[in-house]
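Understanding the architecture of this molecule
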Amino acid sequence: MGFIVVIAFLALFMMGFPVVYAILLPSIAYVLIEGLPLGLLAQRVTYALDSFPLVAVPLFIFVGNLMNLSGITDRIFRFAYTLVGRIPGGLAQVNVFGSLVFSGMSGAALADIGGLGRIEIDAMKKRGFDPAFAGAVTGASATLGPIFPPSIPLIVYGSVTSVSIVQLLVAGIMPAILCTFLLMLTVFIVATRHRHPRAERWPTAGEAIMSFLPALPAIAAPALMIAGMTYGAFTPTEAAAMTAVYVILISALLYRELTLQHLWTSAILTARSSSAILIIVAAAALFGWILAVEQIPQTFAAALLTLSSDPIMLLIIANLIFFIAGMFLDSTTATLLLVPIIAPPLVMAGVDPVQLGIVTIFNLMLGLLTPPMGLSLFLVADIAKVSIRQLLKALLPFYIPLLTTLAILTFAKDFTLWLPRMIAQ
Amino acid sequence: MRLPERILTTFVVIIMAGLVLVPTAQVIMRGVFVLPFIGAEEFTRFLLICLIFCAYPLVVEHGENIVMGEFKAALPDRARRMLNLFISLCAIGATGFMGYVTATNISRNLTNATPTLGIPFWIFLGAALFGFAGAAIVHLLHLRKPPQADTNIAV
Amino acid sequence: AELRYAHVGAEGDIQTIFAAQAAEGIDAATNSEVTVSVYPASQLGGVAEMVDGVRMGSISMGHHDFASLARLVPEVAVFNAPFIYRDGAHALAATDPETSPALQAINEQLVAQGVRIIGRIYRGDRHISSNFEVKTPEDLSGKPFRAVPLELWVSMIKGFGAIPTPVEVAELPTALMTGVVVGQENPLTMIASNNLNEVQSHVSMTGHMRAVLAVFVNEEVWQGLTEEQRTAITTVLDEEAEKSLQMATEGEAELVEELKGRGMTILTEADGLDLDAFREGVSAQIAQDFPNFTPLIEQIQAVE
Ligand code: NA
Ligand code: NA
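Predicted model, so just to flag it, every value in this text is computed and none were measured.

As a further point, take the interface of chain A and chain C. Chain A puts 24 residues into the contact, and the matching count from chain C is 21 residues. Across the chain A/chain C interface, buried area totals approximately 1,900 Å², and carbon plus sulfur atoms make up 58% of it. Of all residues in chain A, Q43, Y47 and W289 of chain A bury the most surface against chain C, accounting for 25% of the area lost on that side. Viewed at the interface, chain C and chain A are joined by one salt bridge. With its nearest N and O atoms 2.8 Å apart, the salt bridge here joins E49 of chain C to R44 of chain A. Viewed at the interface, chain C and chain A are joined by six residue pairs in polar contact (both at pLDDT 80 or more). If you list the elements that add at least two residues to the side of chain A that touches chain C, you get α3 (39–48), α12 (205–230), α13 (236–254), α14 (260–293) and α22 (413–424) of chain A. The leading source of residues in the side of chain A that touches chain C is α3 of chain A, at five residues. Split by residue class, the side of chain A that touches chain C holds 14 nonpolar, nine polar and one charged.

One finds L69 and F79 of chain C to be the most contacted residues of the largest nonpolar core, which totals 281 residues. Take this core: its biggest share by element is 19 residues, from α14 of chain A.

What follows is about the packing of helix α2 (residues 19–34) of chain A against α14 of chain A. Residues and elements named next belong to chain A. The N-to-C vectors of α2 and α14 enclose an angle of 35 degrees; their axes lie 9 Å apart at closest approach. Like other packed secondary-structure pairs, α2 and α14 cross with a definite hand, here left-handed. Contacts between α2 and α14 pair V19, V20, I23, L24, S27 and Y30 from the former with I279, I280, A283, A284, L286, F287, I290 and V293 from the latter. Along the lines of polarity and charge, the residues of the contact of α2 with α14 split into 13 nonpolar, one polar and no charged.

Time to look at the pairing of strand β4 (residues 115–130) of chain C. Residues and elements named next belong to chain C. Across the 16 residues of β4, 15 count as buried, placing the element largely inside the fold. Both β4 and strand β8 (residues 202–218) contribute to a ladder of twelve bridges, which runs antiparallel. The partner of D125 across the bridge, within β8, is R210. Where β4 and strand β7 (residues 183–187) come together, five bridges link them in antiparallel fashion. The partner of R126 across the bridge, within β7, is P187.

To continue, consider the side chain of Q200 of chain C. All names here are of chain C. Tracing the chain through its elements places Q200 in the loop between α8 (188–193) and β8. Side chain to side chain, Q200 and S129 meet in a polar contact 2.6 Å long. Polar contacts involving the side chain of Q200 include one to the main-chain amide nitrogen of S130, which spans 3.1 Å. The contacts of Q200, once residues within four sequence positions are left out, are S129, S130, N131, L176, V182, G183, Q184 and M264.

In this section: the UniProt feature "transmembrane region" (unreviewed entry) in chain B. As recorded in UniProt, the sites labelled "transmembrane region" (unreviewed entry) are residues 7–28, 43–61, 82–101 and 121–141 of chain B. For residues 43–61 of chain B, the helix share is 100%, the strand share is 0%, and the end-to-end C-alpha distance is 28 Å.

Let us now look at the pattern of salt bridges. Evaluated as defined, the whole model comprises 20 salt bridges over all chains. Linked by salt bridges that have partners in common, D77, R80 and R81 of chain B make up one network.

A separate point is the interface of chain B and chain A. Tallying the contact residues gives 58 residues for chain B and 59 residues for chain A. For the pair chain B and chain A, the number of links is three salt bridges. The shortest N-O distance in the salt bridge between D50 of chain A and R45 of chain B comes to 2.7 Å. The interface formed by chain B and chain A includes eight residue pairs in polar contact (both at pLDDT 80 or more). Top contributing element to the side of chain B that touches chain A by residue count: helix α2 (residues 40–61) of chain B, with 13 residues. Looking at side-chain class alone, the side of chain B that touches chain A contains 39 nonpolar, 13 polar and six charged residues.

Okay, α13 of chain A next. All names here are of chain A. Between its terminal C-alpha atoms α13 stretches 26 Å, which fits the 27 Å expected from 19 residues at 1.5 Å a residue. Looking at α13, one finds that the buried residues are P236, T237, E238, A239, A240, A241, T243, A244, V247, I248, I250 and S251. Just past α13, the residue R256 takes up positive phi, approximately 50 degrees.

What counts, and at which threshold
Residues numbered from 1 in each chain as written. Chains lettered and ligands numbered in written order. Predicted model: local features only at pLDDT ≥ 70, side-chain atom pairs only at ≥ 80, totals over all residues. Heavy atoms only, no water. Contact = heavy atoms within 4.5 Å. Buried area = accessible area lost by both parts, 1.4 Å probe. Salt bridge = Lys/Arg side-chain N within 4 Å of Asp/Glu carboxyl O. Polar contact = N/O pair within 3.5 Å; in protein donor to acceptor, adjacent residues only side chain to side chain. Helix = DSSP H or I, 4+ residues; strand = E, 2+ residues; numbered from the N terminus. Nonpolar A, V, L, I, M, F, W, Y, C, P; charged D, E, K, R; others polar. Core = buried A, V, L, I, M, F, W, Y, C linked by side-chain atoms within 4.5 Å. Buried < 20%, exposed > 50% of the residue type's maximum accessible area, 1.4 Å probe, protein only. Axes fitted to C-alpha atoms, helices over the stretch in contact; angles between N-to-C directions. Left-handed = near helix turned anticlockwise from the far one by under 90°. Pairing = 2+ DSSP bridges. UniProt positions renumbered as here; feature names shortened; annotations may be inferred. Expected span 1.5 Å × (residues − 1).

And the structure:
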């Protein structure tokens, strides 16, 4: 019965049912057929949202929306362009670097593509870059967002596994920096070979400072947040609220660009996209309850463990599963449905739970860039106005740095764990 | 914007403000005045539940449900329209049933309340009822439209 | 009959071992007429959801602190009240559903709500951990101390002299590390398994609460069993309760050594820990905040 529920979900999902109904319909059918109390349906979806860490989701989306509407995104973009625009690839380098800086604030996976990505692709097209290349850089660099703090996927992962959220967020820093470096190197090589346009000269110290100063308060936000958490001023969830207040304050007082209309619009957009995401979290909790009662996680975990008991082998198997899941599921759904099944046996076999968290989320983001059903792919193709085929061709070289990062995350666990360990002392 | 939507939007924005302000107030009360408010976390979670359910009819209204529309988009026009109608009917059924179940569950939980602040449980269930019933109504009004926009953006 | 038994205990905790062994024992004692599937680690939901689930029947049985049932009958929290038991054996006797008058009185009210207590688990004593030496309530005076966000805990932390500060379990190690709160209280097994020794330097062996957990069942499910099955189940649960007390007592001595080995300083009365001062402060605060507990506390203390 349990497996039928899973298959029904997949079928409805592929047919184009909204995810929330693809989950709810088989779950309702299960409860009716098994004769469980109907109250379970109401109770489970409500309790699923009764979670303090999940509060960070609307708060970070709010921050992202505010920044886009109040022009902070533009400032960061201009600063990044001044700094690295001269490097071969020019604007493409900005695109990568901008994602690292920007993702530090937005926290949401594809919000990076929808927000900054749109500006970047437009700017690159204007300066004569191939639209497919512009889209490929944007899509590839958007994988940085969810592994660099703050990160909604990491917070959801932490709340599902009760792994320390602070440890997870700190653990994402080194991998994100490494991946940024490898992506910029790739852009450098591709741009040099294809003679892509770049800025005419290096910035003078004055220009760098002039563009840095307006962006500084915005760039300082992640640092302030992490400092606040480290010194006990607030917990991770509270940090999300503090970031929102901080962004409102700097855009109102420093930049003087914040209007009540901005606040109002940001709040409405935030409420809607939070609801669209978290209603799935609520429905997935019901689905997860059914999987648990049907002992599907245990069956699956047992099967997984028979394949190998070597932590590295298990981690590779998990990589494959999450990579495949990422092609089909959005990261929140995949985390909620799969992590409770896969994480326990791996952790029991000796895989570090923090490392597993980073590997999992990075994989899910890679899956977004991979056919048949990568959400990033479709979004980028839509913004850049290129076909999926053209985009995939341009993306090909970028799978090398992305997969290299994944390999380092999988095999060199100290690389990921070094920073969180240091902070824990 | 029609009046019901306008009222609901205003309500949702107020909840959103609360979500930012309550944790901020807690940080200040605890850090500056050493007077933590027992129950701030519970109240914040309460606001989150209200936000998600109350905003859900707006999500449906704007066709923002997350969906994987690639298979559907590849279908011939006629087949796609029939599939969309089928999905709409299922969506009305699912949200309507969830609304009905939540409504019957409220009457059995009248005495139940949260442990710290004593927020009655029927308020939580009431938010869920509002969200599902509201979504069912919007789906019904949209019956001939797909329950989500054809372009899909997931976060 | 098939019973779904849910709880929030983690791998390796006494309560998890209890549930697994009880399931085996019930299977054997009823010749597999009653089978129990255990769902540990919040698989079927957190504490409040589990209690509601048992009441509704989507979950057949579960266990947790007595205070978790206070959403149904407020007075049930008395069995978690600090400083009311003489020792572990007394705690088990006072919570025996067959013999304790206080528990039977509460059970009558619970049954009206659709839930019945049929057993209990001894999970060890709760002690204070902190990042400085705590010997008297004065040492905690005016300092933020983690309180489980339930009235009983808030009242007890006030009795400690500290400022009750709510922190979610998930955020507790971080909050202790960064100083959002300076201390917390829990059984040693929790302190060890969550590595709180990394963020706390001292344990004061206050044993202020005997952590006894209630094992409860959906009343309809319970009445659906035969008389013999019910007797078999309560017998198994009673044996397991005794075992849990033994396990907790032996475990505590080992855990003290373990935590010392990890560099923690353990303070007992011999080191100048003023237990009486804690007992007086807490009891006065509880008597003030929970006047309706007083007759039940007298009943509990009268149990041999
Ligand atoms: Na991020
Ligand atoms: Na980018």
